[in-house]
Amino acid sequence: MATQELPTTRPSNHSSSSISDEKVPVTDNSSLEVAKDEKGVDVVAELLSGHAEDAEMDPEVARKVRNKLDWHMLPLLFALYTLQFIDKGSLASSSILGIIPDNHLNANQFNNLSTAFYIGYIIFVWPHAYLMQRLPIGKYIACNIFFWAIFALRFLLGASEGCITSGIMTIMTMFYTRVESTQRISWTFQCNGVALILSGFVAFGVAHINAKAHPRQWQWFMIITSIASLVVSILYFWYMPDNPANARFLTKDEKVLVVQRLRINQNGVETKVWKKYQFIEAIKDPKTWLFFFFAAIANLQGGVGVLYQIIISGYGFNTLETTLLSVPKGVGMIIGVTLGTIFIRRFPNSHTIIGIIGFIPSSIACFLLLFLPWSAKPGLLVGIYLLSTNGVGFIMILSLCAVSFAGHTKVIALSSNL
(Lines give C-alpha, C1' and ligand atoms only; values in the text may rest on other atoms or scores of the structure.)
Protein backbone atom coordinates (compact mmCIF):
# COMPACT_ATOMS: atom_id res chain seq x y z
CA MET A 1 0.00 0.00 0.00
CA ALA A 2 1.35 3.41 -0.87
CA THR A 3 2.47 5.60 1.96
CA GLN A 4 0.68 8.88 2.65
CA GLU A 5 2.15 11.78 4.58
CA LEU A 6 0.43 14.18 6.89
CA PRO A 7 1.76 17.54 8.10
CA THR A 8 1.66 17.68 11.87
CA THR A 9 2.84 19.56 14.90
CA ARG A 10 5.46 17.08 15.96
CA PRO A 11 7.17 18.24 19.18
CA SER A 12 10.35 20.10 18.42
CA ASN A 13 12.80 22.47 20.04
CA HIS A 14 11.29 25.44 18.23
CA SER A 15 9.04 27.78 20.14
CA SER A 16 6.56 28.30 17.34
CA SER A 17 3.15 26.76 17.85
CA SER A 18 2.17 26.95 14.21
CA ILE A 19 1.65 23.95 12.02
CA SER A 20 4.97 22.36 11.27
CA ASP A 21 6.16 21.56 7.78
CA GLU A 22 7.30 18.14 8.96
CA LYS A 23 5.44 15.22 7.48
CA VAL A 24 4.65 12.06 9.38
CA PRO A 25 4.21 8.86 7.39
CA VAL A 26 0.84 7.21 7.56
CA THR A 27 1.35 3.71 6.33
CA ASP A 28 -2.02 2.53 5.08
CA ASN A 29 -5.75 2.56 5.55
CA SER A 30 -5.34 1.27 9.08
CA SER A 31 -4.22 4.74 10.11
CA LEU A 32 -7.76 5.92 9.51
CA GLU A 33 -9.37 2.84 10.97
CA VAL A 34 -11.56 3.79 13.86
CA ALA A 35 -10.82 2.49 17.32
CA LYS A 36 -13.22 -0.38 17.67
CA ASP A 37 -13.77 -3.54 19.62
CA GLU A 38 -16.37 -6.25 19.71
CA LYS A 39 -18.98 -3.90 21.23
CA GLY A 40 -18.63 -0.50 19.61
CA VAL A 41 -16.96 1.73 17.08
CA ASP A 42 -15.64 5.26 17.10
CA VAL A 43 -18.34 7.89 16.63
CA VAL A 44 -16.53 9.38 13.62
CA ALA A 45 -16.51 6.10 11.66
CA GLU A 46 -19.14 7.21 9.16
CA LEU A 47 -17.51 10.63 8.84
CA LEU A 48 -14.22 9.07 7.68
CA SER A 49 -15.79 6.66 5.24
CA GLY A 50 -14.31 7.14 1.78
CA HIS A 51 -11.46 9.39 2.89
CA ALA A 52 -8.77 6.81 3.58
CA GLU A 53 -6.94 7.59 0.36
CA ASP A 54 -7.06 11.39 0.61
CA ALA A 55 -3.96 13.29 -0.46
CA GLU A 56 -1.67 14.82 2.13
CA MET A 57 -3.10 17.77 4.03
CA ASP A 58 -2.01 21.28 3.15
CA PRO A 59 -0.35 22.83 6.26
CA GLU A 60 -2.15 26.11 5.62
CA VAL A 61 -5.51 24.32 5.53
CA ALA A 62 -4.66 22.50 8.75
CA ARG A 63 -3.74 25.81 10.39
CA LYS A 64 -7.05 27.40 9.35
CA VAL A 65 -9.02 24.46 10.74
CA ARG A 66 -7.13 24.66 14.02
CA ASN A 67 -7.78 28.41 14.23
CA LYS A 68 -11.48 27.84 13.61
CA LEU A 69 -11.56 25.33 16.45
CA ASP A 70 -9.84 27.86 18.71
CA TRP A 71 -12.25 30.68 17.90
CA HIS A 72 -15.33 28.58 18.57
CA MET A 73 -14.23 26.34 21.46
CA LEU A 74 -11.62 28.12 23.56
CA PRO A 75 -13.89 31.02 24.67
CA LEU A 76 -16.36 28.49 26.09
CA LEU A 77 -13.63 26.45 27.75
CA PHE A 78 -12.08 29.60 29.22
CA ALA A 79 -15.44 30.84 30.52
CA LEU A 80 -16.18 27.42 32.02
CA TYR A 81 -12.88 27.12 33.86
CA THR A 82 -13.01 30.72 35.07
CA LEU A 83 -16.48 30.31 36.54
CA GLN A 84 -15.65 26.93 38.02
CA PHE A 85 -12.74 28.42 39.95
CA ILE A 86 -14.77 31.44 41.06
CA ASP A 87 -17.51 29.10 42.25
CA LYS A 88 -15.04 26.78 43.95
CA GLY A 89 -13.46 29.75 45.72
CA SER A 90 -16.75 31.42 46.60
CA LEU A 91 -16.37 30.24 50.18
CA ALA A 92 -13.05 32.06 50.48
CA SER A 93 -14.57 35.30 49.21
CA SER A 94 -17.64 34.86 51.41
CA SER A 95 -15.45 34.37 54.46
CA ILE A 96 -14.70 38.10 54.60
CA LEU A 97 -18.17 39.15 53.41
CA GLY A 98 -19.99 37.98 56.51
CA ILE A 99 -20.89 34.32 55.96
CA ILE A 100 -19.15 33.26 59.19
CA PRO A 101 -20.92 35.63 61.63
CA ASP A 102 -24.25 35.53 59.77
CA ASN A 103 -24.39 31.75 60.15
CA HIS A 104 -22.66 31.63 63.56
CA LEU A 105 -19.92 29.35 62.26
CA ASN A 106 -16.87 28.42 64.27
CA ALA A 107 -13.52 27.55 62.70
CA ASN A 108 -14.21 23.82 62.50
CA GLN A 109 -17.63 24.31 60.93
CA PHE A 110 -16.21 26.67 58.32
CA ASN A 111 -13.47 24.18 57.45
CA ASN A 112 -16.06 21.41 57.22
CA LEU A 113 -17.87 23.43 54.54
CA SER A 114 -14.70 23.34 52.47
CA THR A 115 -14.20 19.63 53.12
CA ALA A 116 -17.77 18.82 52.08
CA PHE A 117 -17.06 20.19 48.60
CA TYR A 118 -14.15 17.82 48.05
CA ILE A 119 -15.96 14.83 49.53
CA GLY A 120 -18.67 15.31 46.92
CA TYR A 121 -16.01 15.83 44.27
CA ILE A 122 -14.18 12.58 45.12
CA ILE A 123 -17.32 10.44 45.44
CA PHE A 124 -18.76 11.47 42.08
CA VAL A 125 -15.61 11.69 39.97
CA TRP A 126 -15.75 8.03 38.88
CA PRO A 127 -19.49 8.03 38.06
CA HIS A 128 -18.79 11.16 36.01
CA ALA A 129 -16.08 9.29 34.10
CA TYR A 130 -18.51 6.51 33.20
CA LEU A 131 -21.35 8.85 32.25
CA MET A 132 -19.12 11.12 30.13
CA GLN A 133 -18.21 8.03 28.09
CA ARG A 134 -21.82 6.96 27.65
CA LEU A 135 -23.50 10.35 27.15
CA PRO A 136 -22.80 13.36 24.89
CA ILE A 137 -19.93 14.95 26.81
CA GLY A 138 -20.67 18.57 25.88
CA LYS A 139 -24.31 18.31 26.98
CA TYR A 140 -23.34 16.39 30.11
CA ILE A 141 -20.91 19.08 31.22
CA ALA A 142 -23.49 21.79 30.44
CA CYS A 143 -26.02 20.06 32.71
CA ASN A 144 -23.49 19.91 35.53
CA ILE A 145 -22.74 23.63 35.12
CA PHE A 146 -26.47 24.23 35.53
CA PHE A 147 -26.58 22.05 38.64
CA TRP A 148 -23.69 23.79 40.37
CA ALA A 149 -25.38 27.13 39.64
CA ILE A 150 -28.47 26.11 41.63
CA PHE A 151 -26.94 23.91 44.35
CA ALA A 152 -26.41 25.59 47.72
CA LEU A 153 -25.02 22.55 49.53
CA ARG A 154 -21.23 22.38 49.25
CA PHE A 155 -21.34 18.57 48.92
CA LEU A 156 -23.60 18.74 45.85
CA LEU A 157 -21.56 21.62 44.45
CA GLY A 158 -18.44 19.45 44.57
CA ALA A 159 -20.36 16.54 43.07
CA SER A 160 -21.44 18.59 40.05
CA GLU A 161 -17.97 20.11 39.49
CA GLY A 162 -16.23 16.72 39.60
CA CYS A 163 -16.51 16.26 35.84
CA ILE A 164 -14.99 19.56 34.72
CA THR A 165 -11.22 18.93 34.68
CA SER A 166 -11.42 15.44 33.18
CA GLY A 167 -14.13 16.61 30.76
CA ILE A 168 -11.99 19.47 29.47
CA MET A 169 -9.00 17.15 29.03
CA THR A 170 -11.15 14.67 27.10
CA ILE A 171 -12.59 17.35 24.81
CA MET A 172 -9.10 18.68 24.10
CA THR A 173 -7.86 15.28 22.95
CA MET A 174 -10.87 14.86 20.63
CA PHE A 175 -10.11 18.02 18.67
CA TYR A 176 -6.39 18.76 19.03
CA THR A 177 -3.10 16.99 18.54
CA ARG A 178 -0.99 16.08 21.56
CA VAL A 179 1.23 19.17 21.40
CA GLU A 180 -1.77 21.44 20.79
CA SER A 181 -3.63 19.87 23.73
CA THR A 182 -0.74 20.61 26.08
CA GLN A 183 -0.70 24.27 25.08
CA ARG A 184 -4.45 24.71 25.33
CA ILE A 185 -4.74 22.94 28.68
CA SER A 186 -2.15 25.43 29.95
CA TRP A 187 -4.10 28.37 28.51
CA THR A 188 -7.29 27.06 30.09
CA PHE A 189 -5.63 26.68 33.47
CA GLN A 190 -4.55 30.33 33.30
CA CYS A 191 -8.23 31.13 33.73
CA ASN A 192 -7.85 30.15 37.39
CA GLY A 193 -5.74 33.28 37.77
CA VAL A 194 -8.32 35.30 35.85
CA ALA A 195 -10.96 33.89 38.22
CA LEU A 196 -9.04 35.09 41.28
CA ILE A 197 -8.74 38.57 39.79
CA LEU A 198 -12.42 38.77 38.83
CA SER A 199 -13.63 37.37 42.15
CA GLY A 200 -11.46 39.92 43.96
CA PHE A 201 -13.07 42.81 42.09
CA VAL A 202 -16.58 41.36 42.45
CA ALA A 203 -16.02 40.96 46.19
CA PHE A 204 -14.70 44.53 46.32
CA GLY A 205 -17.87 45.79 44.69
CA VAL A 206 -20.15 43.68 46.87
CA ALA A 207 -18.30 44.86 49.99
CA HIS A 208 -19.69 48.36 49.37
CA ILE A 209 -23.23 47.09 50.00
CA ASN A 210 -24.64 47.69 53.47
CA ALA A 211 -23.47 44.71 55.56
CA LYS A 212 -26.82 44.61 57.40
CA ALA A 213 -29.01 44.76 54.29
CA HIS A 214 -30.77 41.77 52.75
CA PRO A 215 -29.51 39.94 50.77
CA ARG A 216 -26.23 40.02 52.69
CA GLN A 217 -22.93 40.82 51.02
CA TRP A 218 -21.89 37.15 50.76
CA GLN A 219 -25.33 36.24 49.39
CA TRP A 220 -24.96 38.86 46.64
CA PHE A 221 -21.61 37.29 45.71
CA MET A 222 -23.28 33.87 45.46
CA ILE A 223 -26.17 35.28 43.40
CA ILE A 224 -23.83 36.95 40.89
CA THR A 225 -21.79 33.76 40.53
CA SER A 226 -24.91 31.62 40.05
CA ILE A 227 -26.36 33.88 37.35
CA ALA A 228 -23.07 33.84 35.43
CA SER A 229 -22.95 30.04 35.71
CA LEU A 230 -26.49 29.68 34.39
CA VAL A 231 -25.62 31.81 31.34
CA VAL A 232 -22.51 29.74 30.61
CA SER A 233 -24.44 26.46 31.02
CA ILE A 234 -26.90 27.57 28.31
CA LEU A 235 -24.11 28.68 25.96
CA TYR A 236 -22.22 25.46 26.61
CA PHE A 237 -25.29 23.32 25.92
CA TRP A 238 -25.95 24.93 22.54
CA TYR A 239 -22.47 25.62 21.23
CA MET A 240 -19.99 23.09 22.66
CA PRO A 241 -19.78 20.05 20.35
CA ASP A 242 -19.63 16.54 21.79
CA ASN A 243 -17.12 15.42 19.16
CA PRO A 244 -15.94 16.53 15.69
CA ALA A 245 -18.81 14.74 13.97
CA ASN A 246 -21.49 17.02 15.48
CA ALA A 247 -19.55 20.29 15.55
CA ARG A 248 -22.11 22.56 13.86
CA PHE A 249 -19.60 25.33 13.16
CA LEU A 250 -17.57 22.98 10.91
CA THR A 251 -18.41 21.96 7.36
CA LYS A 252 -18.34 18.25 6.53
CA ASP A 253 -14.94 18.59 4.86
CA GLU A 254 -13.58 20.47 7.87
CA LYS A 255 -14.81 17.74 10.20
CA VAL A 256 -12.86 15.20 8.18
CA LEU A 257 -9.77 17.42 8.34
CA VAL A 258 -10.09 17.73 12.12
CA VAL A 259 -10.06 13.97 12.52
CA GLN A 260 -7.29 13.46 9.99
CA ARG A 261 -5.10 15.91 11.93
CA LEU A 262 -5.41 13.58 14.93
CA ARG A 263 -3.81 10.60 13.19
CA ILE A 264 -0.53 11.53 14.86
CA ASN A 265 -2.18 10.81 18.24
CA GLN A 266 -2.50 7.13 17.26
CA ASN A 267 -5.83 7.04 19.05
CA GLY A 268 -9.56 7.04 18.30
CA VAL A 269 -11.70 10.13 18.82
CA GLU A 270 -14.60 8.89 20.94
CA THR A 271 -16.60 5.73 21.55
CA LYS A 272 -19.86 5.48 23.45
CA VAL A 273 -19.00 2.10 24.96
CA TRP A 274 -17.35 1.88 28.37
CA LYS A 275 -14.55 -0.59 27.70
CA LYS A 276 -13.92 -2.56 30.85
CA TYR A 277 -10.51 -3.83 29.74
CA GLN A 278 -9.25 -0.27 29.25
CA PHE A 279 -10.54 0.71 32.69
CA ILE A 280 -8.72 -2.26 34.23
CA GLU A 281 -5.56 -1.33 32.30
CA ALA A 282 -5.76 2.18 33.75
CA ILE A 283 -6.15 0.85 37.30
CA LYS A 284 -3.23 -1.58 36.89
CA ASP A 285 -0.93 0.88 35.16
CA PRO A 286 1.71 2.13 37.67
CA LYS A 287 1.77 5.50 35.90
CA THR A 288 -1.86 6.04 36.90
CA TRP A 289 -0.94 5.95 40.57
CA LEU A 290 2.24 7.95 40.12
CA PHE A 291 0.11 10.68 38.54
CA PHE A 292 -2.47 10.31 41.31
CA PHE A 293 0.01 10.75 44.16
CA PHE A 294 1.79 13.58 42.34
CA ALA A 295 -1.51 15.44 41.94
CA ALA A 296 -2.58 14.69 45.52
CA ILE A 297 0.66 16.00 47.00
CA ALA A 298 0.70 18.98 44.62
CA ASN A 299 -2.75 20.01 45.85
CA LEU A 300 -1.93 19.86 49.56
CA GLN A 301 -1.30 23.59 49.36
CA GLY A 302 -4.76 24.00 47.91
CA GLY A 303 -6.26 24.26 51.39
CA VAL A 304 -4.88 27.79 51.56
CA GLY A 305 -7.22 28.63 48.67
CA VAL A 306 -10.17 28.61 51.08
CA LEU A 307 -8.43 30.46 53.89
CA TYR A 308 -6.15 32.94 52.13
CA GLN A 309 -8.56 35.87 52.43
CA ILE A 310 -8.97 35.19 56.15
CA ILE A 311 -5.17 35.03 56.43
CA ILE A 312 -4.73 38.35 54.60
CA SER A 313 -7.41 39.92 56.77
CA GLY A 314 -5.55 38.60 59.80
CA TYR A 315 -2.54 40.70 58.84
CA GLY A 316 -4.57 43.73 59.88
CA PHE A 317 -6.35 44.73 56.67
CA ASN A 318 -10.04 45.65 56.50
CA THR A 319 -12.59 44.01 54.20
CA LEU A 320 -12.14 46.36 51.24
CA GLU A 321 -8.34 46.15 51.45
CA THR A 322 -8.46 42.36 51.70
CA THR A 323 -10.62 41.99 48.56
CA LEU A 324 -8.14 44.06 46.53
CA LEU A 325 -5.06 42.41 48.05
CA SER A 326 -6.37 39.05 46.81
CA VAL A 327 -6.08 40.20 43.18
CA PRO A 328 -2.26 39.81 42.92
CA LYS A 329 -2.68 36.13 43.80
CA GLY A 330 -4.42 35.68 40.46
CA VAL A 331 -1.70 37.65 38.68
CA GLY A 332 0.92 35.36 40.22
CA MET A 333 -0.92 32.30 38.94
CA ILE A 334 -1.17 33.72 35.40
CA ILE A 335 2.54 34.57 35.35
CA GLY A 336 3.49 31.12 36.62
CA VAL A 337 1.34 29.25 34.10
CA THR A 338 2.50 31.52 31.27
CA LEU A 339 6.14 30.74 32.04
CA GLY A 340 5.31 27.04 32.16
CA THR A 341 3.60 27.28 28.76
CA ILE A 342 6.61 29.05 27.24
CA PHE A 343 9.00 26.43 28.58
CA ILE A 344 6.88 23.49 27.40
CA ARG A 345 6.77 25.00 23.90
CA ARG A 346 10.56 25.36 23.98
CA PHE A 347 11.14 21.93 25.52
CA PRO A 348 8.07 19.86 24.52
CA ASN A 349 9.22 16.60 26.14
CA SER A 350 10.03 18.06 29.56
CA HIS A 351 6.69 18.02 31.39
CA THR A 352 8.04 16.35 34.53
CA ILE A 353 11.14 18.53 34.86
CA ILE A 354 9.16 21.75 34.30
CA GLY A 355 6.57 20.54 36.79
CA ILE A 356 9.19 19.97 39.49
CA ILE A 357 10.78 23.37 38.85
CA GLY A 358 7.31 24.92 39.02
CA PHE A 359 6.97 23.88 42.67
CA ILE A 360 10.12 25.71 43.78
CA PRO A 361 8.48 29.18 44.19
CA SER A 362 5.55 27.76 46.17
CA SER A 363 7.99 25.83 48.38
CA ILE A 364 9.82 29.09 49.08
CA ALA A 365 6.44 30.63 49.90
CA CYS A 366 5.82 28.01 52.58
CA PHE A 367 9.08 28.91 54.31
CA LEU A 368 8.22 32.62 54.15
CA LEU A 369 4.84 32.02 55.78
CA LEU A 370 6.29 29.73 58.43
CA PHE A 371 9.29 31.75 59.53
CA LEU A 372 8.70 35.44 58.81
CA PRO A 373 7.59 37.49 61.82
CA TRP A 374 3.96 38.61 61.91
CA SER A 375 5.09 42.21 61.53
CA ALA A 376 6.67 41.54 58.10
CA LYS A 377 3.43 42.06 56.18
CA PRO A 378 5.00 42.63 52.73
CA GLY A 379 6.97 39.39 52.97
CA LEU A 380 3.93 37.46 54.21
CA LEU A 381 1.84 38.78 51.31
CA VAL A 382 4.58 37.74 48.86
CA GLY A 383 4.38 34.26 50.38
CA ILE A 384 0.61 34.14 49.80
CA TYR A 385 1.06 35.26 46.19
CA LEU A 386 3.90 32.83 45.46
CA LEU A 387 1.75 29.91 46.62
CA SER A 388 -0.44 30.41 43.55
CA THR A 389 2.43 29.47 41.23
CA ASN A 390 2.09 25.79 42.21
CA GLY A 391 -0.39 25.45 39.34
CA VAL A 392 2.54 25.09 36.93
CA GLY A 393 3.42 21.64 38.24
CA PHE A 394 -0.18 20.50 38.27
CA ILE A 395 -0.93 21.48 34.68
CA MET A 396 2.24 19.75 33.51
CA ILE A 397 0.82 16.54 34.97
CA LEU A 398 -2.61 17.20 33.49
CA SER A 399 -1.19 17.76 30.03
CA LEU A 400 1.14 14.77 30.34
CA CYS A 401 -1.84 12.55 31.18
CA ALA A 402 -3.77 13.90 28.21
CA VAL A 403 -1.03 13.02 25.73
CA SER A 404 0.50 9.87 27.23
CA PHE A 405 -2.36 7.35 27.00
CA ALA A 406 -4.42 5.84 24.21
CA GLY A 407 -7.96 4.55 24.44
CA HIS A 408 -10.95 6.77 25.19
CA THR A 409 -12.05 4.89 28.32
CA LYS A 410 -8.49 4.73 29.65
CA VAL A 411 -7.92 8.47 29.15
CA ILE A 412 -11.18 9.37 30.93
CA ALA A 413 -10.47 6.94 33.78
CA LEU A 414 -6.95 8.30 34.25
CA SER A 415 -7.92 11.98 34.08
CA SER A 416 -10.71 11.35 36.60
CA ASN A 417 -8.10 9.99 38.99
CA LEU A 418 -6.58 13.47 39.19
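Everything below is about the structure printed above this text.
None of these values were measured; they are calculated from a predicted model. (Residues numbered from 1 in each chain as written. Predicted model: local features only at pLDDT ≥ 70, side-chain atom pairs only at ≥ 80, totals over all residues. Heavy atoms only, no water.)

Colleague: Looking at this model, I keep getting lost on the overall build of the protein chain. Mind explaining?
Modeller: The secondary structure content of the protein chain amounts to 21 helices and two strands. Within the protein chain, contacts between residues at least 6 apart in sequence are counted, and of these 78% link residues at least 24 apart. Accessible surface, the protein chain as shown: approximately 18,600 Å² in total, 67% of it carbon and sulfur. (Helix = DSSP H or I, 4+ residues; strand = E, 2+ residues; numbered from the N terminus. Contact = heavy atoms within 4.5 Å. Areas by Shrake-Rupley, 256 points an atom, 1.4 Å probe, with all protein chains shown as cover.)

Colleague: Could you clarify how one ought to interpret the side chain of Arg-154 in this entry?
Modeller: Relative to the elements of secondary structure, Arg-154 occurs in helix 7 (residues 154–161). Buried charge Arg-154 goes without a salt bridge, the closest partner of opposite sign being Asp-87 at 6.0 Å. Setting aside residues no more than four positions away along its own chain, Arg-154 makes contact with Asp-87, Lys-88, Ser-90, Leu-91, Leu-113, Ala-116 and Phe-117. (Buried < 20%, exposed > 50% of the residue type's maximum accessible area, 1.4 Å probe, protein only. Lys, Arg positive; Asp, Glu negative; His and termini not counted. Salt bridge = Lys/Arg side-chain N within 4 Å of Asp/Glu carboxyl O.)

Colleague: Whenever I open this one, the pattern of salt bridges confuses me. Can you help?
Modeller: Side-chain pairs of opposite charge can arise where the charged atoms are in close proximity. Applying the stated criterion to the full structure yields eight salt bridges. Its salt-bridge partner being Asp-102, residue Arg-216 comes within 3.7 Å of it at the nearest N-O pair. Of this pair, Arg-216 sits in the loop between helix 9 (178–206) and helix 10 (217–239) while Asp-102 sits in helix 4 (residues 99–102); the two residues are 114 residues apart in sequence, bridging distant segments of the chain. Given the relative accessible area of 18%, Arg-216 is considered buried. Within this structure, Arg-66, Glu-180 and Arg-261 form a network of salt bridges that share partners.

Colleague: Which parts of the structure should I look at to understand unusual backbone geometry?
Modeller: Across residues other than glycine, the phi torsion is negative in most instances, and most of the peptide bonds are trans. The omega torsion across His-214 and Pro-215 is -5°, close enough to zero to call that bond cis. By the element assignment, Pro-215 lies in the loop between helix 9 and helix 10. The phi angle at His-104 is positive, at roughly 55°, despite the residue not being glycine.

Colleague: What exactly am I supposed to notice about the packing of aromatic side chains here?
Modeller: Between two aromatic rings, the relevant description is the distance of the centres plus the angle of the planes. With the rule as written, the count across this model stands at 10 aromatic pairs. With 5.6 Å between their ring centres and 75° between their planes, Trp-289 and Phe-292 make a pair best called edge-to-face. Highlighted residues: Trp-289 and Phe-292, both in helix 13 (residues 286–298), separated by three residues, approximately one helical turn. Looking at Trp-289, the relative accessible area reads 31%, which means it is partly exposed. We classify Phe-292 as partly exposed; its relative accessible area is 28%. Arranged with centres 5.1 Å apart and planes meeting at 70°, the rings of Tyr-315 and Trp-374 form a pair that is edge-to-face. Of this pair, Tyr-315 sits in the loop between helix 14 (304–314) and helix 15 (319–325) while Trp-374 sits in the loop between helix 18 (360–371) and helix 19 (377–387), placing them 59 residues apart in sequence. Overall, the relative accessible area of 56% leaves Trp-374 in the exposed class. Counting every residue linked through ring pairs, the aromatic cluster contains Phe-117, Tyr-118 and Tyr-121. Over the ring of Phe-237 we find Lys-139; its NZ or CZ atom is 5.7 Å from the centre of that ring. Over the ring of Phe-317 we find Lys-377, and its NZ or CZ is 5.4 Å from the ring centre. (Phe/Tyr/Trp six-rings, centres within 6.5 Å; stacked < 30°, edge-to-face > 60°. Lys NZ or Arg CZ within 6 Å of the ring centre and 35° of its normal.)

Colleague: Even after reading the chapter, I still don't get the environment of Met-174, so can you show me in this structure?
Modeller: By the secondary structure assignment, Met-174 is in helix 8 (residues 164–175). Each C-alpha atom of the pair Met-174 and Pro-244 lies 7.3 Å from the other, and the pair is 70 residues apart in sequence.

Colleague: Help me understand helix 13 in this model?
Modeller: Across its 13 residues, helix 13 extends 18 Å between first and last C-alpha, which sits within 8% of the 18 Å expected from 1.5 Å per residue. Burial in helix 13 covers these residues: Thr-288, Phe-291, Ala-295 and Ala-298. Viewed along the axis of helix 13, the buried residues span an arc of 105°, placing them on a single side of the element. Of the residues in helix 13, the exposed ones pointing more than 90 degrees away from the buried face are Pro-286, Leu-290 and Ile-297. Its side-chain oxygen placed 3.0 Å from the backbone nitrogen of Lys-287, Asp-285 serves as the N-cap of helix 13. (Expected span 1.5 Å × (residues − 1). Arc of directions from axis to C-beta. Polar contact = N/O pair within 3.5 Å; in protein donor to acceptor, adjacent residues only side chain to side chain.)

Colleague: I tried to follow a nonpolar patch on the surface on my own but got confused; where do I start?
Modeller: A surface patch of nonpolar side chains, amounting to about 940 Å² of accessible area, comprises Trp-220, Ile-223, Ile-224, Ile-227, Val-231, Ile-234, Leu-235, Phe-237, Trp-238 and Tyr-239. For Ile-234, the position within the fold is in helix 10. (Patch = residues over 30% accessible without salt bridge, like charges linked within 9 Å, V, L, I, M, F, W, Y side chains within 5 Å.)

Colleague: Explanation requested: the nonpolar core in the structure shown.
Modeller: Buried together is how nonpolar side chains tend to be arranged in soluble globular proteins. Counting 64 residues, the largest nonpolar core has Leu-69, Leu-80, Ile-141, Ile-164, Ile-171, Phe-175 and Tyr-236 as the members making the most contacts within it. Counting residues per element, this core draws most heavily on helix 2 (residues 59–88), which supplies 10 residues. Each residue touching Leu-69, except ones within four places of it in the same chain, is listed here: Leu-74, Phe-175, Tyr-176, Phe-249, Leu-250, Val-258 and Arg-261. One finds Leu-97, Ile-99, Ala-207 and Val-306 within the second-largest nonpolar core, a separate group that totals 13 residues. (Core = buried A, V, L, I, M, F, W, Y, C linked by side-chain atoms within 4.5 Å.)

Colleague: Is there a simple way to explain the environment of Cys-143 in this structure?
Modeller: Within the element layout of this structure, Cys-143 appears in helix 6 (residues 137–150). Taking C-alpha positions, Cys-143 is 8.8 Å from Ser-160, a pair spaced 17 residues apart along the chain.

Colleague: Honestly, empty space enclosed by the protein in this entry has me stumped. Any pointers?
Modeller: It is a probe the size of a water molecule, rolled over the atoms, that shows where empty space is left. This structure, assessed with the given rule, holds four cavities of 30 Å³ or more. As a volume, the second largest cavity reaches approximately 50 Å³. The wall of the second largest cavity is formed by Tyr-81, Thr-165, Ile-168, Met-169, Ile-185, Thr-188, Phe-189 and Leu-398. Those elements that place two or more of their residues in the lining of the second largest cavity are helix 8 and helix 9. Of the residues belonging to the lining of the second largest cavity, the class tally is six nonpolar, two polar and no charged. (1 Å grid on protein atoms, 1.4 Å probe; cavity = no way out; pocket = protein on both sides within 12 Å on 5 of 7 lines; lining within 4 Å. Points joined across faces, edges and corners; volume = space filled by probe spheres on them. Nonpolar A, V, L, I, M, F, W, Y, C, P; charged D, E, K, R; others polar.)

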